[in-house]
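Descriptive analysis of the structure
Here are the chains, one letter per residue:
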Amino acid sequence: MKRAERRLTMDADWKFIQERTFLRWVNEHLREAGTSVNSFEEDFSDGLKLIALIEVLSGRSLGRHNMKPKFRTQKLENVSIVLNFLEGEGVTLVNIDSSDIIDGKVKLLMSLIWTLILHYSNSDTVYEEGLEEDVKPDQKLPKQEEKSPKQKLVG
């Protein structure tokens, strides 16, 4: 029995660390929109902060949406706007729909955030200032230390 309890504890610790890491990544981007999240289940439930996140990540407006959603249908509509936009951007969404986000299904929310991290982190290109001017066409660029997505997230 102790082995099973230890395994559950380790699993819970891992999930907590992952959620905190994802929250940090989301808040880093939401800072540009002047907002933040404390909990995925609650803060994404009306779709407004999710819309703000996607607008920051994509650099584009998602258009009209319910600014003060009170009813479930309005919240579902907001989240549907996000999911439709992401599909149009070529983001592959597996087994998630608007109701999953509104209902605060953490596992699916974490999956969505991970998909966003992979999609939008890969599209971020960083150039060192002045580097391209110093390199001749036939010259190789100096080797840069590459960080894995996990290293980028953690620090």
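Nothing here was measured: the structure is a model prediction, and the numbers come from that model.

**Some remarks on the overall build of the protein**
Across its full length, the protein holds 8 helices and 0 strands. Reading the helices (α) and strands (β) of the protein from amino to carboxyl end gives α-α-α-α-α-α-α-α. Counting across all 155 residues of the protein, residues that qualify as buried make up 33%. If you take every contact in the protein between residues at least 6 apart in sequence, the share linking residues at least 24 apart comes to 49%. Of the roughly 11,200 Å² that the protein leaves accessible, carbon and sulfur atoms contribute 50%.

**Focus: the packing of aromatic side chains**
Scanning all chains against the criterion turns up 2 aromatic pairs. Summarising the aromatic geometry, the rings of Phe22 and Trp114 are spaced 6.0 Å apart at their centres and angled 10° between planes, so their arrangement reads as stacked. Remark: Trp114 occurs in helix 6 (residues 106-122) and Phe22 occurs in helix 1 (residues 2-30); sequence separation between them is 92 residues. Centre to centre, the rings of Phe40 and Phe44 are 5.6 Å apart; their planes meet at 40°, and the pair counts as tilted. Look at Phe40 and you get buried, because its relative accessible area is 0%.

**Here's the deal with the nonpolar core**
Formed by 34 residues in total, the largest nonpolar core has its most connected members in Val26, Phe40, Phe44, Leu86, Ile101, Ile113 and Leu116. Going through the elements one at a time, helix 1, helix 3 (48-58), helix 4 (72-88), helix 5 (98-102) and helix 6 are the ones with two or more residues in this core. For this core, the element with the most residues is helix 6, which contributes 8 residues.

**So, unusual backbone geometry**
Although it is not a glycine, Asn95 sits at a positive phi angle of roughly 60°. Relative to the elements of secondary structure, Asn95 occurs in the loop between helix 4 and helix 5. With a relative accessible area of 64%, Asn95 lands in the exposed category.

**Observations concerning the confidence of the model for the protein**
When pLDDT drops low, the exact placement of atoms in the prediction is not to be read closely. Within the protein, residue pLDDT values average 80, and 71% of them lie at 70 or more. Under a pLDDT of 50 for its full length, residues 123-141 has, in the predicted model, 6 contacts with residues more than four places off or in other chains.

**Points about helix 4**
Over its 17 residues, helix 4 runs 24 Å from end to end, which matches the ideal 24 Å to within 8%, given 1.5 Å per residue. Looking at helix 4, one finds that the buried residues are Asn78, Val79, Ile81, Val82, Leu83, Phe85 and Leu86. Downstream of helix 4 by a residue or two, Gly90 has a phi angle that is positive, lying close to 90°.

**What to know about the pattern of salt bridges**
Counted according to the given criterion, the structure contains 3 salt bridges. Across the salt bridge formed by Asp103 and Arg72, the nearest N and O atoms sit 2.9 Å from each other. Residue Asp103 is located in the loop between helix 5 and helix 6, and its partner Arg72 is located in helix 4; the two are separated by 31 residues in the primary sequence. By relative accessible area, Arg72 is classed as partly exposed at 40%.

**Brief notes about helix 3**
Among the 11 residues of helix 3, 8 are classified as buried, and the element is accordingly described as predominantly covered. Three or more residues of helix 3 are buried, namely Leu50, Ile51, Ala52, Leu53, Ile54, Val56, Leu57 and Ser58. Positive phi shows up at Gly59, right after helix 3, with a value of about 75°.

What counts, and where the lines are drawn
- Residues numbered from 1 in each chain as written.
- Predicted model: local features only at pLDDT ≥ 70, side-chain atom pairs only at ≥ 80, totals over all residues.
- Heavy atoms only, no water.
- Helix = DSSP H or I, 4+ residues; strand = E, 2+ residues; numbered from the N terminus.
- Buried < 20%, exposed > 50% of the residue type's maximum accessible area, 1.4 Å probe, protein only.
- Contact = heavy atoms within 4.5 Å.
- Areas by Shrake-Rupley, 256 points an atom, 1.4 Å probe, with all protein chains shown as cover.
- Phe/Tyr/Trp six-rings, centres within 6.5 Å; stacked < 30°, edge-to-face > 60°.
- Core = buried A, V, L, I, M, F, W, Y, C linked by side-chain atoms within 4.5 Å.
- pLDDT = per-residue confidence, 0-100.
- Expected span 1.5 Å × (residues − 1).
- Salt bridge = Lys/Arg side-chain N within 4 Å of Asp/Glu carboxyl O.

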